[in-house]
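Tertiary structure, described
The residues making up each chain are set out below.
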Amino acid sequence: MTLSEPTGSKGATTALPETTELRPVWIIVLGALIVLTGIAAIAFPLASTLAVEVLVGSLFLTVGVFTTTHAIIDRGSEGTWWELLIGLLHIAAGVIFLANPLGGILALTVMLGATFVAEGVLRIFMALRMERSRKLFLLIASGALSILLGGMVFAGLANGASLTLIGVLLGVNFIFAGVALITVGMAAKTSGSD
């Protein structure tokens with residue numbers, strides 16, 4: 001069915017709202033703003049790490065309140081007590097993260113280090129289980145690098161260096177995302193001028 005075809009017996013046409021495309025210049029501006037945000041996150045890593053920690057704490061608290069509320073409203077269904085316990089656990093985690101920001105940053109950093117180590121071990125295990133080829137070396141090297149990064153995160157906890165790692169990673173992610181948007185905007189601008 002096309003937009004101009006009549007629908008129904010009265011011959012009415014279906015009209016879809018026009019979509020407005022984001023102009024390439026605005027994509028470039030957005031990308032530049034995201035790059036600047038990334039640079040600021042790297043320049044002030046403790047502040048950006050703290051912002052992530054507050055966001056995580058707020059999300060835990062919000063999810064906990066909604067889960068607990070749902071468990072209370074839906075008292076008669078199966079699994080209500082488990083849902084209530086999960087909701088209360090989320091609320092407790094949110095309160096702990098928000099009441100003790102340094103502890104929350106430490107918990108997130110430990111989780112990040114553990115994720116790097118686990119990911120590295122799994123990559124190496126996966127490579128050893130696959131058929132032998134030259135490409136397996138890259139997978140094993142990637143796994144070893146991930147384990148090394150996790151070890152560096154844990155080693156940096158002793159002197160506090162790792163506590164700003166989340167903010168730095170956030171900044172790097174923003175810079176890559178912003179550069180990607182700028183590239184997309186430049187490509188759209190170039191193709192639009194043809």
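First, a word on scope: everything that follows refers to the structure included in this document. (Residues numbered from 1 in each chain as written. Predicted model: local features only at pLDDT ≥ 70, side-chain atom pairs only at ≥ 80, totals over all residues. Heavy atoms only, no water.)

Regarding helix H1 (residues 24–43)
For an α-helix, the turn length of 3.6 residues means that residues three or four places apart are oriented alike. Threshold: The numbering of helices and of strands both runs from the N terminus, where a helix is a DSSP run of H or I of at least 4 residues and a strand a run of E of at least 2. Working rule for helices: expected span equals 1.5 Å times residues minus one. When a residue's accessible area, from a 1.4 Å probe over protein chains only, is under 20% of the maximum for its type it is buried; when over 50% it is exposed; and in between it is partly exposed. Along the arc lie the directions from the helix axis toward the C-beta atoms.
Over its 20 residues, H1 extends 29 Å from the first C-alpha to the last, a length consistent with the 28 Å expected when each residue adds 1.5 Å. Buried within H1 are the following residues: Ile27, Ile28, Gly31, Val35, Gly38 and Ala41. Down the axis of H1, the buried side of the element spans an arc of 140°, and every buried residue falls inside it. Across from the buried face of H1, at angles greater than 90 degrees, the exposed residues are Trp26 and Leu36.

Focus on the packing of helix H2 (residues 45–73) against helix H3 (residues 80–99)
Counted only if it meets this: Between the N-to-C directions of two axes lies an angle of 0 to 180 degrees, each axis being a line fitted to C-alpha atoms and, for a helix, fitted only over the stretch in contact. If an angle is under 35 degrees, it is roughly parallel; if it is over 145, roughly antiparallel; if it lies from 65 to 115, roughly perpendicular; otherwise it is oblique. A clockwise turn of the near helix away from the far one marks a right-handed crossing, whereas an anticlockwise turn of less than a right angle marks a left-handed crossing. Put simply, Ala, Val, Leu, Ile, Met, Phe, Trp, Tyr, Cys and Pro go in the nonpolar bin, Asp, Glu, Lys and Arg in the charged bin, and everything else, Gly too, in the polar bin.
Packing of H2 against H3 brings their axes to within 7 Å, and their N-to-C directions diverge by 155°. Classified by the angle between their axes, H2 and H3 sit roughly antiparallel to one another. Remark: the crossing between H2 and H3 carries left-handed chirality. Considered class by class, the residues forming the contact of H2 with H3 number 15 nonpolar, ten polar and two charged.

Just distances and angles here, no functional claims.
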